[in-house]
Amino acid sequence: MALQVFTAVTGGAWESELVGALDRADHGVAVVRRCVDVAELLAAAATGTGQAALLSADLRRLDGEAVARLEAAGVAVVGLVEPGDERAAERLRRLGVARVLPADAEPEAIVRALREAVAGAPAGNRDIADPRAALPVLGAPEDPAGRPDGRGQVVAVWGPIGAPGRTTVAVGVADEAARLGVPTLLVDADVYGGVVAQVLGLLDESPGLAGAARQAAGGTLDGAALARLAWTVRPHLRVLTGLARADRWPELRPRGVLAVLDEARRLAALTVVDCSFCLEEDEELSFDTAAPRRNGATLAVLGAADTVLCVSGADPVALQRTVRALGELREALPDVEPVVVVNQVRRGPVPGDARVEIAEALERFAGRDVGFFLPADRRAADAALAAGRTLAEVAEASPLRTGLRSIAAAVAGVPVPVGRRRRPGVGRRAG
């Protein structure tokens, strides 16, 4: 049976000749529709009449979301560029098109690429070198975290609904990692109202993560662009601010956020992401539609992270929420093994020895050990928030700051500073 192919090629002089060559019977390919733009191509893909799409880099409104929708419809994608146009080829690869050929390639080579794409075979070596591989990390020439593959770690900070202190932990871990000499990028990916910018006294109207996701969707995000979008807070620490308004959540599509994280791994030894609490699938939006999912960005970050920190409060209500949230995480992403961080530990809400009682409760009802306990230090936390600064700047001797420093050393894989207690083990993704 002939391979059913859509085309969306704007190459003018060579488009008709190419389609005619592909349609020849001896190639085993049938061009079932020649589309003029992305909208027509997506509509054709939704009919289920094609197995692959051949498109050009200069197709109007082509972005990563369009490529993702083609793949979701079961349509494999192969890209064509003008001969020698390395920039266009790289843009297609950033959009998720693994196979990119010059437009003057032999029809047999194009047909072979189409068949391999449909079969799901891995793409061969790139003809054009990836310019991002040579980008330096954020800080010093020596990488204290030791990245033999040149890719940094991603740590997702997540937790149940309420105010367990996700942002406090995310900001503290990122700041302490930077102070330990680890080039760090802090990302605010909370789609329900991120406040990292306010906590650090930064301008919350900057493009930040939304701007990076837009560039990623258009295939133009690279290390230099990501660095320009991030605030430089201090040596080794940059911050990618979040959404200024919660109603802008559709700007953070999962594919775009993942592309930003992929670039962040090249730019920084450690990327700390402050996530939203909710893991619901938003079925009322996604059922029979192509509408964005509000919680898709959170699920994407948690699935891609090397380490997930689940931040829990230390009172009975917060612990109950944590038990439920851990169950939801297990259902949504069974391969993710979170590290539980119990924040705001103090006398009063839990009778007896709070740490022992909390550890036993979480082990019994959630099947999880506690990786870290963080003591309550309301005075230091309030002082940092009022000043728009970090705990290390306003309360260097705070026990909360000491706990955050231990977590930072653990997730960054660097030695615990002299005088600090030995860090507990840190969980990673299963498998």
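Residue positions within a chain follow its written sequence, with the count starting from 1. Reporting of local features is limited, given that this is a predicted model, to residues whose pLDDT is at least 70; pairs of side-chain atoms are given and counted only at 80 or more, and all residues count toward the totals for whole chains, interfaces and linings. The basis for every side-chain value is the complete set of non-hydrogen atoms in the structure, without hydrogens or water.

## As for the sheet that holds strand β5 (residues 99–102)
Our working rule: In this scheme, strands are said to pair when DSSP sees at least two bridges between them. The secondary structure listing takes helices from DSSP runs of H or I that are at least 4 residues long and strands from runs of E that are at least 2 residues long, numbered from the N terminus. All axes here are fitted lines through C-alpha atoms, helices being fitted over the stretch that makes contact, and every angle between N-to-C directions spans 0 to 180 degrees. In this analysis, two residues are considered to be in contact whenever any of their non-hydrogen atoms come within 4.5 Å of each other.
Strand order in the open sheet made by the five strands is β2-β1-β3-β4-β5, with parallel pairing throughout. Each edge of the open sheet carries a strand with a single partner, namely β2 (29–34) and β5. Across this sheet, the average inter-strand angle for adjacent strands is 30°, counted without regard to direction. Pairing geometry for strand β3 (residues 52–56) and strand β4 (residues 76–81), over five bridges, is parallel. Along β4, the bridge assignment pairs Ala 52 with Ala 76. Those strands touched by helix α2 (residues 38–46) are β1 (3–8), β2 and β3, and its axis lies near 160° from that of β1.

## Some points on helix α12 (residues 296–304)
We count it as follows: Each residue is assigned to one of three classes by its accessible area relative to the maximum for its type, calculated with a 1.4 Å probe on protein chains only: buried under 20%, partly exposed between the two thresholds, exposed over 50%.
α12 sits mainly inside the fold: seven of its nine residues count as buried. The complete set of buried residues in α12 reads Gly 296, Ala 297, Thr 298, Leu 299, Ala 300, Val 301 and Leu 302.

## A word on the environment of Pro 338
On the secondary structure map, Pro 338 appears in the loop between α13 (316–332) and β12 (339–345). Distance in space between the C-alpha atoms of Pro 338 and Val 157 is 9.6 Å, their sequence separation being 181 residues. Setting aside residues no more than four positions away along its own chain, Pro 338 makes contact with Val 308, Cys 310, Leu 326, Leu 329 and Arg 368.

## Observations concerning the pairing of β12
Cut-off, in case you're wondering: By the criterion used throughout, a crossover qualifies as right-handed when its path from the first strand across the helix to the second strand runs clockwise, the strands pointing away from the viewer.
Most of β12 sits out of view: six of its seven residues are buried. As judged from the four bridges shared by strand β11 (residues 307–312) and β12, these two strands associate in the parallel manner. The residue bridging Ser 312 from the neighbouring strand is Val 342, located in β12. Handedness of the crossover is the feature at issue here: the chain leaves β11, passes through α13, returns alongside β12, and the resulting connection is right-handed. For β12 and strand β13 (residues 370–375), the ladder comprises four bridges, and the chain directions are parallel. What sits directly across from Val 341, in β13, is Phe 372.

## Description of the layout of surface pockets
Applicable threshold: The definitions used throughout rest on a 1 Å grid laid over the protein atoms alone, on which a cavity is an enclosed set of points accommodating a 1.4 Å probe that cannot get out and a pocket is an open set flanked by protein within 12 Å on both sides along at least five of seven lines; lining residues are those having an atom within 4 Å of a point. Grid points are joined across faces, edges and corners, and a volume is the space filled by probe spheres set on the points. Throughout this entry, Asp, Glu, Lys and Arg are counted as charged residues, while Ala, Val, Leu, Ile, Met, Phe, Trp, Tyr, Cys and Pro are counted as nonpolar. The remaining residues, Gly among them, count as polar.
The volume enclosed by the largest pocket comes to roughly 840 Å³. Forming the walls of the largest pocket are 38 residues, and the residues nearest its centre are Gly 165, Thr 167, Thr 168, Gln 344 and Ala 381. Broken down by secondary-structure element, the contributors of at least two residues to the lining of the largest pocket are α6 (166–179), β12, α15 (378–387), α16 (391–394) and α17 (399–412). Among the elements that make up the lining of the largest pocket, the one with the highest residue count is α6 (seven residues). Taken together, the residues of the lining of the largest pocket break down into 17 nonpolar, ten polar and eleven charged.

## Here we look at the packing of aromatic side chains
Heads up, the rule is: Stacked, edge-to-face and tilted are the three classes for Phe, Tyr and Trp ring pairs, Trp counted by its six-membered ring, which pair at centre distances within 6.5 Å; planes under 30 degrees apart are stacked, over 60 edge-to-face, the rest tilted. Throughout this description, the term charge over a ring refers to an Arg CZ or Lys NZ atom that lies within 6 Å of the ring centre and within 35 degrees of the ring normal.
Summed over the entire model, instances satisfying the criterion amount to one aromatic pair. Each ring, one from Tyr 192 and one from Phe 277, has its centre 5.0 Å from the other, and the planes form 40°; the classification is tilted. Placement of Tyr 192 in the loop between β7 (184–189) and α7 (196–199) and of Phe 277 in the loop between β10 (270–275) and α11 (283–286) is noted, with a sequence separation of 85 residues between them. In this structure, Arg 294 packs its charged tip against the face of Tyr 192, placed 4.1 Å from the ring centre.

## Some points on a negative patch on the surface
Keep this limit in mind: Distance thresholds for patches are 9 Å for like charges and 5 Å for nonpolar side chains (Val, Leu, Ile, Met, Phe, Trp, Tyr), applied to residues having over 30% relative accessible area and no salt bridge. Accessible surface area values rest on a Shrake-Rupley calculation with a 1.4 Å probe, where residue burial reflects the displayed protein chains alone. Just to be clear on terms, a salt bridge is a Lys or Arg side-chain nitrogen sitting within 4 Å of an Asp or Glu carboxyl oxygen. Residues scored as positive are Lys and Arg, those scored as negative are Asp and Glu, and His as well as the terminal groups of each chain are ignored. Lysine's charge is taken at NZ, arginine's at CZ, aspartate's at CG and glutamate's at CD.
A surface patch of negative charge is lined by Asp 58, Glu 82, Asp 85, Glu 86, Asp 104, Glu 106 and Glu 108. Position of Glu 106 relative to the elements: it lies in the loop between β5 and α5 (107–119).

## Some thoughts on the confidence of the model for the protein chain
Where we set the bar: A score from 0 to 100, pLDDT tells how confident the predictor is in each residue.
When pLDDT is averaged across the protein chain, the result is 85; 85% of the residues are at 70 or more. Per-element averaging of pLDDT across the protein chain places α11 at the bottom with 49 and β11 at the top with 98. Within the model, the stretch residues 125–146 combines pLDDT values under 50 with 44 contacts to residues more than four positions away or in other chains. Counting contacts from residues 420–431, a segment whose pLDDT is below 50, to residues more than four positions away or on other chains yields 34 contacts.

## Side note on the side chain of Arg 166
To be explicit about the condition: As used in this structure description, the phrase polar contact means that two N or O atoms lie within 3.5 Å; if the pair is within protein, one of them must be able to donate a hydrogen and the other to accept it, and residues adjacent in sequence are counted only when both atoms belong to side chains.
Position of Arg 166 relative to the elements: it lies in helix α6. No salt bridge forms around the buried Arg 166; measuring N to O, its nearest opposite-charge neighbour Asp 190 is 4.6 Å away. Only 2.6 Å separates the side chain of Arg 166 from the backbone oxygen of Pro 160, close enough to count as a polar contact.

## Observations regarding the sheet that holds strand β9 (residues 237–240)
The strand order across the open sheet formed by eight strands is β8-β9-β7-β10-β6-β11-β12-β13, and the pairing between neighbours is mixed. Unpaired on one side and paired on the other, β8 (231–234) and β13 mark the two borders of the sheet. Sheet twist, expressed as the mean angle between neighbouring strand axes with direction ignored, is 25°. Alignment of β7 against β10, held across six bridges, turns out to be parallel. When the sheet's bridge partners are listed, Val 187 is paired in β10 with Val 273. Set on the sheet, α17 makes contact with β6 (153–158), β10, β11, β12 and β13; between it and β13 the angle comes to about 155°.

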